Amino acid sequence: MDRRATLRANEGTDPAPGRARPRPRPGGRAGTSRPLHRSASWSLRGIALALTLVLLPAGEARAFGETSRLTFVQGRYDGNWNPRTSALRRLAFEIGTRTSISTLPEEKVLDLDSPELFRYPFLYLAGTGPLPTLSQAQTDNLRRYLTYGGFLLCDDAGDGSFAASCEREIARVLPGQEAGRIPADHVLFKSFFLVDQPAGRTLARPYLTGFTEGSRLAVVISANDLGGAWARDELGSWEYEVAPGGESQREFAFRLGVNIAMYSLCTDYKDDQVHIPFIMKRRR
Amino acid sequence: MEAVYNDWRVVLLSPWPTWLLVLLGALAVAGVVLAARGLRKERSGVRKTVLLSLRTVSMLAALFVILEPGVRLLQTAQVRSRLAILIDGSASMQLPTEAGGTSRAAEAAAWLSRVTPALQELEANYSLEYYQYDDGLQPIEASAAVGGLPSTGETTDLLPSLRALTGGGSHGGRKLAGAVVIGDGTDHGELKAGLGGATRKALEGLKIPVSTVAVGGGAVKDLAIEAVVVEDFAFVRNTVEIEAKVAASAMGTLDVPVVLRREGQVVSQQSVRVDPGERSYSVKFSFVPDEIGEFVFTVSAPVYEGEAIASNNSRSFVLKVIRDRVRTLLVVGRPSWDQRFLRTLLKTDPNVDLISFFILRTPQDNPKAGETELSLIPFPVQEIFDRQLKSFDLVIFQNFAYRPYRMDAYLPNIRRYVEEGGAFVMIGGESSFGEGGYDLTPLGEILPVEPVGVAPNEALFQPRLTEAGLRHPITQLASSAEANQAAWARLPELPGLNVTRAKPGARVLLDQPHLTAGGENAPVLAVGEAGRGRVMALTTDSSWFWSIVASGEGGSTSRAYERVWSNAIRWLVRDPELTPVIVRASQRSIEPGQPVFATITARGSDYGPAAGAEIEVSLIDAETGNTLRKERRSAGVDGTAQVELGTPQAGAYKIVARASLAGQELGEGFDVVAVRAASVERSDVQARPGLLREIAEVTGGGFVEASSGQLPPMDLAPPDVVEVGRAKDRPIWDRFWPLVILAVCLGGEWVLRRRWGYP
């Protein structure tokens, strides 16, 4: 293989010289991973924002519309359905920054029995307490959603009762199935980053559980408050401390989020034979 | 004058019915038994013996009188049985008995001439019948048999001829005593594989001895491709194994090159060393077909001087090369739901072998991690688009920008790949069509659409099925036009498309009814031909709506997405069932002298039967490309036409049909046919005296070589003897002596009983 071609084509690296393509910045937010202190002056931020807008050239390629991009849908139900209000926005930003996926910065909110769900195949459910028993309409809708190709991420921001109730309810949605532990060698953990542990704001449970539809993982359930690690306020401060691993654990939480999004779009692409030797080599 | 009686037999002349005679006989036996019972207590053995003997003799005498035996004098004559003499009249009898010798037919005639005196002696008891046999039995005159037969039969099948002898007709009531078969032993019918269980039983069931005379036992110089062992079909890009069976006779020691050709082109060559002690050889070829279709292959060896038959040095066969799975390359510019649903569909399709590459990270992206923490691999541009491209049946670019990967140098490869028979699809997105800069590239030249310089349109729209799309295979969601129209109308609206216009010659199957480009409605789905390949443009990145959204909002599982892509793949890779003109030869491999027949099926642009289509059919020599014959036909109501294309000589041929309807070309199709170099009869030089010997052994006949000049030992059944005319009865019961014996015995017994104190 041509070494130059290899170096250039890292599933998309190194554009032709002189043609550095400006990147879309979702929502025009300039994001960094270092939290800004509340005492930083508004003028400084304003100048940075202005410069970003000025320097951002016009006319770069954009996806056709919101359905061409990855749009997160927050599922609404009777209960504390949105405990981490900024989590998805931040995750969308990180995904857009780190990967070639084009994301919509703001999530959509839909009821679990909404027919509009089918236009957004990524559904996020979060909670701090048990998920209420789903109504028949919600159950039927979710069943069809997952069977026809939808993906669901359940994120427990509390004491584990939300995760447990999700496992119970999804077992009703997908009869004949039970939540199973997602093994450490699942393609989910190598869909973009090589991830060793499913950390979130906490590491309450060292594994993820899930439900499959055919060979595809259709539901992923985390008991480690992923959203809590992602959430960042409008001033740029992380909303929650991450323990026990601190900021490095937050980084792993983002990587897991990126992987989950990448998996929802690419499924077992990284299990294709052509990838295996590279992944094995890097895992050693 | 007293008739001459030459035979006699004993008869019973009693007029009484049989049952009465039986009853009287039983009474006589009872009389003896009762006497024996009455003498049980007699102590004197002498008395017992005397009385019992007298009773027995008197009962026998009585029976003799009652049965009235006599002698019937007969006049008889002997009837001659039949003896059939069968002479092989097949084409193999023209072969020489040995190198430079006379023909086998001549040897058979010479033998008949030498044994004629012996045959004449047999005529005293047997009626000789002469027959010629090949695949049937024909009676001939004795003089024709002795003079030599023309031997033109194209195949030999002895067993049915023997059955015909024993089973058919009464022949005036004369039985068949046996048969004599004179031939070389070659058989291509029931005895082709020698004597097995069934054929052995069949010969035993004839119930006559079959004696055999073998001709042509000498060595004949010949090299032959006896058979080619190959499957009826092979998978493209998979190794095919072919075995050629070579037979050599009196060739000496020689290295023989054996060549495998496909329609004149050498595919593979092997060499086989021929030795005098060995007759059969196996030559194996293996190759990898790179093209689907039906092809005529020929295995051949050189013709050497002095060979008895030249035409058996080559053998042709037809091999159908099919696709096992459609090998598909999917290159995606960025992960999206459009890519997700397409990949899932292709991955789960058992007819598709999918290789996919997704750009997960562009140069502008910052993963905030080292390379070793990522699962990304290099995008092997040169490997795919230079070395491996031809291995794919279908290439799909889905919202893929070529520029960042310096693929300019490879785009001509893709164009050439399509023009040489490949298939290509471009799916919309912000990096496709004009937005991706493809318009001025070699790929842009082959796409069925071109950009109009307008930005992508994001308005929601309902794709409209065009007139061309109404019956095109790709957009067939239902069988009738109305149902198809309704099925498309039920699908959800799509958000956004690349704005393009169709090029001349392209077929637009779906369009945007509210958006024009270049004066026509903007295409959503368009197809076209590029050289020998096919291309498709899908200008939206939301066809996945036909899957999850159609199912979810429609209330039931929609198969539209699956059908459209499945249909598209079949059309793009030219699934034979979807071609507008289909040619089927009645036989792919025919004997020399047999005509070539074919059936042509023509379909209109709407893929319905093209009734009345004008069809031109050509028979083309596959090796030289010369057209040998042309015929014109009109398709019937069902779109088919039958045609005969004459009787070509040995070789490989293509039957090519072109159809047109109302001045419009419908398309072209072809099939292949191989005409054998020689019939089996004329290519098999080897005589089989062993088979003739076995036939004789099984049936109880004898065997000789013709060179002995003698009749084979024959254990023939003697002729039947039948009654002729008169018979005369002479009674013997009416003599005096039976009555005297009866009276003496009865009287003597009575006297002795009285004397010895019996009542």
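Residues numbered from 1 in each chain as written. Chains lettered and ligands numbered in written order. Predicted model: local features only at pLDDT ≥ 70, side-chain atom pairs only at ≥ 80, totals over all residues. Heavy atoms only, no water.

## Remarks on the overall build of chain B
At step 1: Regarding its fold elements, chain B presents 17 helices and 37 strands.
At step 2: By residue count, 50% of the 759 residues in chain B fall in the buried class.
At step 3: Sequence-distant contacts in chain B: of pairs separated by 6 or more residues, those separated by 24 or more amount to 74%.
At step 4: Here chain B has roughly 33,700 Å² of accessible surface; of this, 51% comes from carbon and sulfur atoms. (Helix = DSSP H or I, 4+ residues; strand = E, 2+ residues; numbered from the N terminus. Buried < 20%, exposed > 50% of the residue type's maximum accessible area, 1.4 Å probe, protein only. Contact = heavy atoms within 4.5 Å. Areas by Shrake-Rupley, 256 points an atom, 1.4 Å probe, with all protein chains shown as cover.)

## Remarks on the sheet that holds strand β30 (residues 597–602) of chain B
Paired through backbone hydrogen bonds, the strands of a sheet run either parallel or antiparallel to each other.
Residues and elements named next belong to chain B.
At step 1: A sheet is described by the order of its strands in space; here three strands give the open sequence β28-β30-β33, paired in antiparallel fashion. Strands at the two margins of the open sheet, each flanked by one partner only, are β28 (581–585) and β33 (640–644). Averaged over all pairs of adjacent strands, the angle between their axes in this sheet comes to 20 degrees, without regard to strand direction.
At step 2: As paired strands, β30 and β33 are joined by five bridges and run antiparallel to one another. (Pairing = 2+ DSSP bridges. Axes fitted to C-alpha atoms, helices over the stretch in contact; angles between N-to-C directions.)

## Side note on the nonpolar core
Nonpolar side chains in soluble globular proteins tend to end up buried together.
At step 1: Counting residues in each nonpolar core, the largest one holds 160 residues, and the members touching the most others are B:F385, B:F397, B:M407 and B:W565.
At step 2: Of the residues forming this core, the biggest block, ten residues, is contributed by helix α7 (residues 246–266) of chain A.
At step 3: Discounting residues that sit within four places of it in the chain, B:W565 has contacts with B:L342, B:L345, B:I396, B:V425, B:I427, B:M536, B:L538 and B:S543.
At step 4: Among the nonpolar cores identified, the runner-up in size contains 27 residues, and B:I225, B:M251, B:V258 and B:V321 belong to it. (Core = buried A, V, L, I, M, F, W, Y, C linked by side-chain atoms within 4.5 Å.)

## Comments concerning helix α17 (residues 737–755) of chain B
Residue and element names in this part refer to chain B.
At step 1: With 19 residues, α17 should cover 27 Å at 1.5 Å per step; its first-to-last C-alpha distance of 26 Å lies within 8% of that length.
At step 2: Taken together, the buried positions of α17 are P738, L742, C745, E749 and R753. All buried residues of α17 lie within an arc of 75 degrees about the axis, which places them on one face of the element. For α17, the exposed residues set more than 90 degrees away from the buried face come down to V744, R754 and R755.
At step 3: Tucked into the core, α17 has its buried residues touching α1 (18–38) and α2 (45–67).
At step 4: Where α17 ends, the next residue or the one after it, G757, has phi of about 90 degrees, a positive value. (Expected span 1.5 Å × (residues − 1). Arc of directions from axis to C-beta.)

## Concerning the interface of chain B and chain A
At step 1: On the side of chain A, 67 residues touch chain B, which itself brings 66 residues to the contact.
At step 2: Together, the buried faces of chain B and chain A total about 6,100 Å²; carbon and sulfur atoms form 54% of this surface.
At step 3: A per-residue breakdown of the area chain B buries against chain A is headed by B:W337, B:Q364 and B:I377, which together make up 12% of the total.
At step 4: Along the contact surface separating chain B from chain A lie 26 residue pairs in polar contact (both at pLDDT 80 or more). (Buried area = accessible area lost by both parts, 1.4 Å probe. Polar contact = N/O pair within 3.5 Å; in protein donor to acceptor, adjacent residues only side chain to side chain.)

## Examining the packing of helix α5 (residues 158–167) of chain B against helix α6 (residues 197–204) of chain B
Residues and elements named next belong to chain B.
At step 1: In contact at an axis separation of 10 Å, α5 and α6 are set at 25 degrees when each is read in the N-to-C sense. In this view, α5 runs roughly parallel relative to α6, as classed from their interaxial angle. The two elements α5 and α6 cross, and the hand of that crossing is left-handed. Judged by residue contacts, L159, L162 and R163 of α5 engage T199, A202 and L203 from α6.
At step 2: Split by residue class, the contact of α5 with α6 holds four nonpolar, one polar and one charged. (Parallel < 35°, antiparallel > 145°, perpendicular 65-115°, else oblique. Left-handed = near helix turned anticlockwise from the far one by under 90°. Nonpolar A, V, L, I, M, F, W, Y, C, P; charged D, E, K, R; others polar.)

## Remarks on empty space enclosed by the protein
Residue and element names in this part refer to chain B.
At step 1: Using the criterion set out here, one finds four cavities of 30 Å³ or more in the structure.
At step 2: One number sums up the size of the largest cavity: a volume of about 70 Å³.
At step 3: The wall of the largest cavity is formed by 13 residues, among which R334, S336, D338, N399 and D541 lie closest to the centre.
At step 4: At three residues, helix α7 (residues 337–348) tops the list of elements feeding residues into the lining of the largest cavity. (1 Å grid on protein atoms, 1.4 Å probe; cavity = no way out; pocket = protein on both sides within 12 Å on 5 of 7 lines; lining within 4 Å. Points joined across faces, edges and corners; volume = space filled by probe spheres on them.)

## Let's talk about the environment of B:L443
Residue and element names in this part refer to chain B.
At step 1: As for its position among the elements, L443 is in helix α10 (residues 442–446).
At step 2: Judged by relative accessible area, which is 0%, L443 ranks as buried.
At step 3: Placed 31 residues apart in sequence, L443 and P412 show a C-alpha to C-alpha distance of 7.3 Å.
At step 4: Not counting the four nearest positions on each side in its chain, L443 is found in contact with F397, L411, I414, R415, F424 and Y438.

## Concerning the packing of α6(B) against helix α16 (residues 689–699) of chain B
In helix packing, the relevant descriptors are the interaxial angle and the interaxial distance, both defined with respect to the helix axes.
Residue and element names in this part refer to chain B.
At step 1: Where α6 meets α16, the axes come as close as 9 Å, and the angle between the chain directions of the two elements is 55 degrees. On the basis of their axis angle, the class for α6 and α16 is oblique. Relative to α16, the crossing made by α6 is right-handed. For the pair α6 and α16, contact is made by R200, L203 and E204 and by E694, I695, V698 and T699, respectively.
At step 2: The class makeup of the residues in the contact of α6 with α16 is three nonpolar, one polar and three charged.

## Quick word on helix α3 (residues 104–122) of chain B
Residues and elements named next belong to chain B.
At step 1: The first and last C-alpha atoms of α3 sit 25 Å apart over 19 residues, in line with the 27 Å expected at 1.5 Å per residue.
At step 2: Where α3 bends most, at T116, the angle is about 55 degrees, and the proline P117 comes one to four residues later.
At step 3: Of all the residues in α3, the buried ones are R104, A105, A108, A109, W111, L112, V115, L119 and L122.
At step 4: In the core, the buried residues of α3 are packed alongside β3 (81–88), β4 (126–133), α4 (142–147), β6 (176–183) and β7 (210–214). (Bend = angle between axes of the 7 residues up to and from the residue.)

## Notes on the pairing of strand β16 (residues 326–332) of chain B
All names here are of chain B.
At step 1: Burial within β16 is extensive, with six of its seven residues counted as buried.
At step 2: Two strands pair when backbone bridges link them, and β16 and strand β18 (residues 394–398) are joined in this way by five bridges, in the parallel orientation. Note that in β18 the partner of L330 across the bridge is I396.

## Points about the packing of aromatic side chains
At step 1: In total, this model carries 26 aromatic pairs over all chains according to the counting rule given.
At step 2: Ring geometry for B:F397 and B:F424: centres 5.2 Å apart, planes at 75 degrees, overall edge-to-face. Taken together, the positions of B:F397 in strand β18 and B:F424 in strand β19 (residues 423–427) put the pair 27 residues apart, joining distant regions of the chain.
At step 3: Overall, B:F397 belongs to the buried group, its relative accessible area being 1%.
At step 4: Of the residues examined, B:F424 reaches a relative accessible area of 0% and is grouped as buried.
At step 5: For the ring pair B:W544 and B:F545, a centre distance of 4.8 Å and an interplane angle of 80 degrees mean the geometry is edge-to-face. Note on accessibility: B:W544 and B:F545 belong to one class, buried.
At step 6: Between A:R232 and the ring centre of A:W238, over which it is positioned, the NZ or CZ distance is 4.4 Å.
At step 7: Taking NZ or CZ as reference, B:R262 lies 4.0 Å from the ring centre of B:F295, over its face. (Phe/Tyr/Trp six-rings, centres within 6.5 Å; stacked < 30°, edge-to-face > 60°. Lys NZ or Arg CZ within 6 Å of the ring centre and 35° of its normal.)

## As for the sheet that holds β19(B)
Residues and elements named next belong to chain B.
At step 1: Ordered in space as β17-β16-β18-β19-β27-β26-β25-β22, the eight strands form an open sheet in which the pairing is mixed. Looking at which strands have only one partner, the edges of the open sheet turn out to be β17 (352–358) and β22 (464–465).
At step 2: Pairing geometry for strand β25 (residues 507–517) and strand β26 (residues 520–530), over six bridges, is antiparallel. Bridge pairing links A517 to E520 in β26.
At step 3: Of the strands in this sheet, β16, β17, β18 and β19 touch α7, which is tilted by about 150 degrees from β17.

## Observations regarding the confidence of the model for chain B
All names here are of chain B.
At step 1: Considering every residue of chain B, the mean pLDDT works out to 89; 97% of them sit at 70 or more.
At step 2: Highest mean pLDDT in chain B belongs to β19 (98); lowest belongs to helix α15 (residues 680–683) (69).
At step 3: Interface predicted TM-score (ipTM) for the complex: 0.80; the corresponding pTM is 0.64. (pLDDT = per-residue confidence, 0-100.)

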